[in-house]
Amino acid sequence: MSETNSAKGQCLCGSVRYEFELPSKFVAHCHCSLCRRASGAPFVTWIGTWEAKLHISDLERNLAMYHSTAEGLRQFCKKCGTQLFFRSPRWPDEVHVTRATVTSNVDRLPQAHVFYSDKADWMEIHDKLPKCGGTTGVEPLADKQ
């Protein structure tokens, strides 16, 4: 892959590195309570890519996994604790990559807030991005624009 058609990233300690082909599927800020607790932040920004386009280098075998729900699988570096990937059968053949761990440019800026109806009540958002929520987390919330 060349620099112009891929994005690279790594965990904090550098033992887990990855690269994925562009274009990405999406970039979105997730406000669900699981993402907040897993990251220790008010939301996590995810980049969606296809499973077949993600290449992981984990020579020290530090990539660990945790089922945060019956279907949600989170992957993180067991050496430094960095959250890296999320997978779910809800989005087959897709991997969500934490935007903060990407060390190169990507092809798009964040496009929306998802699970916004579950956001931390102490966090105010004043941007003009679409806000989605409801039971699926991705239903348009017209009154929150």
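Refer to the structure printed above.
Numbers given to residues run from 1 along each chain, matching the order in which its sequence is written. For a predicted model such as this one, the threshold for reporting local features is a pLDDT of at least 70, and the threshold for listing and counting side-chain atom pairs is 80 or more; totals across whole chains, interfaces and linings nevertheless cover every residue. In computing side-chain values, all of the structure's heavy atoms are included and hydrogens and water are not.

The way it works is that DSSP assigns letters per residue, a run of H or I at least four long becomes a helix, a run of E at least two long becomes a strand, and they are numbered from the N terminus. In terms of helices and strands, the chain carries one helix and 12 strands. Along its sequence from the N terminus, the chain presents helices and strands in the succession β-β-β-α-β-β-β-β-β-β-β-β-β. For the radius of gyration, the atom set is restricted to C-alpha positions; the globular benchmark scales as 2.2 Å times the number of residues to the power 0.38. Computed over its C-alpha atoms, the radius of gyration of the chain comes to 15 Å, within 12% of the 15 Å expected for a compact globule of 145 residues. Over its C-alpha atoms, taken along the principal directions, the chain stretches across nearly 45 × 30 × 25 Å. With a 1.4 Å probe rolled over the protein chains alone, any residue whose accessible area is under 20% of its type maximum counts as buried; one over 50% counts as exposed, and the rest are partly exposed. The proportion of buried residues among the 145 residues of the chain is 45%. Pairs at least 24 residues apart make up 53% of the contacts formed inside the chain by residues separated by at least 6 positions. For this analysis, residues touch if any pair of their heavy atoms sits within 4.5 Å.

As a further point, take the sheet that holds strand β8 (residues 83–87). Two strands are counted as paired when DSSP detects at least two bridges linking them. If you trace the seven strands from one edge of the open sheet to the other, you get β6-β7-β8-β9-β4-β3-β10, paired in mixed fashion. Each having just a single partner strand, β6 (63–67) and β10 (112–114) make up the two edges of the open sheet. The average undirected angle you get between the axes of adjacent strands in this sheet is 30°. As defined by bridge partners, strand β4 (residues 44–50) adjoins strand β9 (residues 94–98) across five bridges and the pair is classed as antiparallel. Fitted lines through C-alpha atoms serve as axes, helices being fitted only where they are in contact, and the angles separating the N-to-C directions of these axes extend from 0 to 180 degrees.

With that settled, the discussion passes to the pattern of salt bridges. For this document, the term salt bridge refers to a Lys or Arg side-chain nitrogen within 4 Å of an Asp or Glu carboxyl oxygen. Tallied over the full model, the rule gives five salt bridges. The partner of E94 in a salt bridge is K25, with the nearest N and O atoms 2.6 Å apart. Residue E94 is found in strand β9, and its partner K25 is found in the loop between β2 (17–21) and β3 (26–30); the two are separated by 69 residues along the sequence. With a relative accessible area of 33%, K25 lands in the partly exposed category. Residue K79 pairs with E60 through a salt bridge whose shortest N-O separation is 3.5 Å. Remark: E60 occurs in the loop between β5 (54–57) and β6 and K79 occurs in the loop between β7 (73–77) and β8; sequence separation between them is 19 residues. What makes K79 exposed here is its relative accessible area of 53%.

As a further point, take the pairing of β8. With five of five residues buried, β8 lies mostly within the body of the structure. Count of turn residues in the β7/β8 antiparallel hairpin: five residues, of which G81 carries a positive phi of about 90°. Of the strand pairs in this sheet, β8 and β9 are connected by two bridges, and their pairing is antiparallel. Paired with F85 across the two strands is V97, which belongs to β9. Here β8 folds back onto β9 in antiparallel fashion, the turn holding six residues, of which D93 has a positive phi close to 65°.

Here we come to the sheet that holds β5. A sheet is described by the order of its strands in space; here three strands give the open sequence β1-β2-β5, paired in antiparallel fashion. A strand with exactly one partner marks an edge of an open sheet, and here the two such strands are β1 (6–10) and β5. Sheet twist, expressed as the mean angle between neighbouring strand axes with direction ignored, is 15°. Sheet analysis places β2 next to β5, joined by four bridges and oriented antiparallel. The residue of β5 that forms the bridge with Y18 is I56.

By the secondary structure assignment, H29 is in strand β3. H29 gets classed as buried once you look at its relative accessible area, which sits at 11%. Not counting chain neighbours up to four residues away, the residues in contact with H29 comprise F43, V44, T45, P110, A112, H113, V114 and L129.

Geometric descriptors of this kind do not, in isolation, establish any biological role.
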